[in-house]
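Coordinates in review
Residues per chain are reported as follows:
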Amino acid sequence: MQHWGGEMINKEQAKILVVDDIEANRFTLERRLKRDGYANVFLADCGKAALSSVESTEFDLVLLDLMMPDMSGLEVLKILKSDPRYRKIPVVMVTASDEVETAAKCILSGADDFITKPFNATLLKARVGACLDKKRLQDSEDLYLSRVESDKQRSQEVLKTVLPNDVAVELQSTGRVHSRRYDDVAILICDLVGFTAFCEQNDPEIVVKTLQTLVEAFEQVFAKFGLNKVKTVGDAIVAVGGLARPTPEAVKSCVSASLMLRDIANAFEPSFGLHVGIHSGSLVAGTVGKSTIQFDILGKDVNIAFNICDLSESDQILLSSDAWMHVRNEVVAKSAGLVRLKSGQDVELFECGM
């Protein structure tokens, strides 16, 4: 057993490839390595055989003879170090005592070390151990970086589930999100009819599971029509069209989405009705909070959309006159009359999708 990278590693796990065209040299290296406890020693009698072996087996170290008839060790080394799949495999060059200058060229080409013939057992053991230790440290670092990248990707995906994509990207790249004013957006507010009574009659686990299933189905509808789900407040859901990018059909997308949302809620078990309010106007959007970040939309027109939703009957889709003007040539609707909102503003509403 040997300490590699802070861990106890069994020498029998290390895979070492010995490459030499002289059988006696291969036999000597194999015998000494096994004597030192390395059980997985592979042999190759030429450069081409070595490259073939590397393709089929994941080695931890290559002992590579410099002078071979078919392909020199330097040529094999350059091929290995030029290939991203193999460049991290430590390579120890095996040279004659008068080939030190050429061995130096190998070091410059990426070799990790060299040993000379005849082999010194103590030196061989030290250099093999050092190269394998280096390989283990490199593998540990690669694994750590891979985990960091994996964790980063997971956090990015989680962030994109609670923030619009462009907002999440800005937050990840700059560490903050600039508040912006958006004009000509469509605001959709909907909430489930009868969900409060359902909560009172069922266990919390069932309530949360039911809402989760419905919200996931609603999110698919929002994605289908290019809407951004901004937030969920209890059983109320806020979505906006034209937030990620300006679109002249934002209101139409909200109407089409609302019809599908209503069908989903009605067909669900248990069945729910749906209040829907749609308004068109301007808003300010940005992140609120520091320890717990929430993306939110603010403004008079957001409040109007909430007020319209509150005024709707079960399964009624109500549009403000401002929203209706965007779709009057495309959507069938009828006037629901002039109503006074909580703000004291009088607004004509239109009912569609009946």
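Here the structure is a predicted model, which means the values were calculated and not measured.

Looking now at the environment of lysine 81. Along the chain, the position of lysine 81 falls in helix α3 (residues 73–82). For the pair lysine 81 and leucine 243, spaced 162 residues apart in sequence, the C-alpha to C-alpha distance is 49 Å. Once you skip the residues sitting within four places of it in the chain, lysine 81 turns out to touch Arg87, Ile89, Val91, Ser109, Gly110 and Asp112. At a separation of 2.9 Å, a polar atom in the side chain of lysine 81 contacts the main-chain carbonyl oxygen of arginine 87.

A few words on the pairing of strand β13 (residues 317–320). Of the two faces of β13, the one holding Ile317 and Leu319 and the one holding Leu318 and Ser320 are both buried throughout. The sheet contact formed by strand β11 (residues 273–288) and β13 spans 3 bridges and is parallel. Counterpart to glycine 277 in the pairing with β13 is leucine 318. As judged from the 4 bridges shared by β13 and strand β15 (residues 346–352), these two strands associate in the antiparallel manner. Looking at the pairing, leucine 319 lines up with phenylalanine 350 of β15.

In this section: empty space enclosed by the protein. By the definition in use, this model includes 1 cavity of 30 Å³ or more. Together, Ile115, Thr116, Pro118, Phe119, Asn120, Leu123 and Leu124 line the largest cavity. Each residue belonging to the lining of the largest cavity can be placed in one class, and the counts come to 5 nonpolar, 2 polar and no charged.

The next thing to look at is a nonpolar patch on the surface. Among the surface-exposed residues, Tyr144, Leu145 and Val148 lie close enough to one another that they form a single nonpolar patch of about 300 Å² accessible area. Its location among the elements puts leucine 145 in helix α5 (residues 121–162).

Here the focus is a negative patch on the surface. Side chains of Asp21, Asp45, Asp70 and Glu75 sit close together on the surface and give a patch of like negative charge. With respect to the element layout, aspartate 45 can be found in the loop between β4 (40–44) and α2 (47–56). Aspartate 45 sits in the partly exposed class, given a relative accessible area of 43%.

Moving on to the nonpolar core. Counting 35 residues, the largest nonpolar core has Phe218, Ile278 and Leu319 as its most contacted members. Setting aside residues no more than four positions away along its own chain, isoleucine 278 makes contact with Ile187, Leu188, Val251, Cys254, Val255, Ser258, Ile308, Ile317, Leu318, Leu319, Ser320 and Ala323.

So, about the environment of phenylalanine 59. Structurally, phenylalanine 59 is set in the loop between α2 and β5 (61–65). The contacts of phenylalanine 59, once residues within four sequence positions are left out, are Lys15, Ile16, Leu17, Phe42, Ser53, Val54, Ile89 and Lys135.

Taken as a whole, the second largest pocket holds about 160 Å³ of empty space. Val54, Thr57, Glu58, Phe59, Pro84, Arg85, Tyr86, Lys88, Ile89, Lys135 and Asp139 are the residues that line the second largest pocket. Residues that form the lining of the second largest pocket fall into these classes: 5 nonpolar, 1 polar and 5 charged.

Between α2 and α3, whose axes approach to 10 Å, the crossing angle comes to 20°. Classified by the angle their axes make, α2 and α3 are roughly parallel. Seen from above, α2 lies across α3 with right-handed handedness. Where α2 approaches α3, its residues Gly47, Leu51 and Val54 are matched on the opposing element by Val76, Ile79 and Leu80. Broken down by class, the residue content of the contact of α2 with α3 amounts to 5 nonpolar, 1 polar and no charged.

A full pass over the atoms with the stated rule returns 16 salt bridges. Put simply, lysine 134 and aspartate 112 hold a salt bridge, and the shortest N to O gap is 2.7 Å. A residue pair is termed long-range when its members are at least 10 positions apart, and lysine 134 in helix α5 and aspartate 112 in the loop between α4 (100–108) and β7 (113–117) qualify at 22 residues. Across the pair lysine 342 and aspartate 310 runs a salt bridge whose closest N-O atoms are separated by 3.5 Å. Taken as a pair, lysine 342 in the loop between β14 (333–340) and β15 and aspartate 310 in helix α10 (residues 300–311) lie far apart in primary sequence, 32 residues in all.

This part covers the packing of aromatic side chains. All told, the structure shown has 6 aromatic pairs when counted by the stated rule. Aromatic side chains phenylalanine 195 and phenylalanine 272 sit 5.6 Å apart centroid to centroid with 50° between the ring planes, which places their arrangement in the tilted category. With a gap of 77 residues between them, phenylalanine 195 in helix α7 (residues 195–201) and phenylalanine 272 in the loop between α9 (250–267) and β11 connect regions that are remote in the sequence. Of the two residues examined, phenylalanine 195 and phenylalanine 272, each falls in the buried class. Members of the aromatic cluster, connected to one another through ring pairs, are Phe195, Phe198, Phe268 and Phe272. When the ring centre of phenylalanine 114 is taken as reference, the NZ or CZ atom of arginine 127 above it lies at 5.5 Å. Its guanidinium or amino end placed over the ring of phenylalanine 225, lysine 224 lies 5.7 Å from that ring's centre, counting from NZ or CZ.

Our focus in this paragraph is the side chain of serine 320. Relative to the helices and strands, serine 320 is located in strand β13. On the basis of relative accessible area, serine 320 is assigned to the buried category, the value being 1%. At 2.6 Å, the side chain of serine 320 forms a polar contact with the side chain of histidine 279.

Cut-offs applied
Residues numbered from 1 in each chain as written. Predicted model: local features only at pLDDT ≥ 70, side-chain atom pairs only at ≥ 80, totals over all residues. Heavy atoms only, no water. Helix = DSSP H or I, 4+ residues; strand = E, 2+ residues; numbered from the N terminus. Contact = heavy atoms within 4.5 Å. Polar contact = N/O pair within 3.5 Å; in protein donor to acceptor, adjacent residues only side chain to side chain. Buried < 20%, exposed > 50% of the residue type's maximum accessible area, 1.4 Å probe, protein only. Pairing = 2+ DSSP bridges. 1 Å grid on protein atoms, 1.4 Å probe; cavity = no way out; pocket = protein on both sides within 12 Å on 5 of 7 lines; lining within 4 Å. Points joined across faces, edges and corners; volume = space filled by probe spheres on them. Nonpolar A, V, L, I, M, F, W, Y, C, P; charged D, E, K, R; others polar. Patch = residues over 30% accessible without salt bridge, like charges linked within 9 Å, V, L, I, M, F, W, Y side chains within 5 Å. Areas by Shrake-Rupley, 256 points an atom, 1.4 Å probe, with all protein chains shown as cover. Salt bridge = Lys/Arg side-chain N within 4 Å of Asp/Glu carboxyl O. Lys, Arg positive; Asp, Glu negative; His and termini not counted. Charge placed at Lys NZ, Arg CZ, Asp CG, Glu CD. Core = buried A, V, L, I, M, F, W, Y, C linked by side-chain atoms within 4.5 Å. Axes fitted to C-alpha atoms, helices over the stretch in contact; angles between N-to-C directions. Parallel < 35°, antiparallel > 145°, perpendicular 65-115°, else oblique. Left-handed = near helix turned anticlockwise from the far one by under 90°. Phe/Tyr/Trp six-rings, centres within 6.5 Å; stacked < 30°, edge-to-face > 60°. Lys NZ or Arg CZ within 6 Å of the ring centre and 35° of its normal.

Read these as spatial facts, not as claims about activity.
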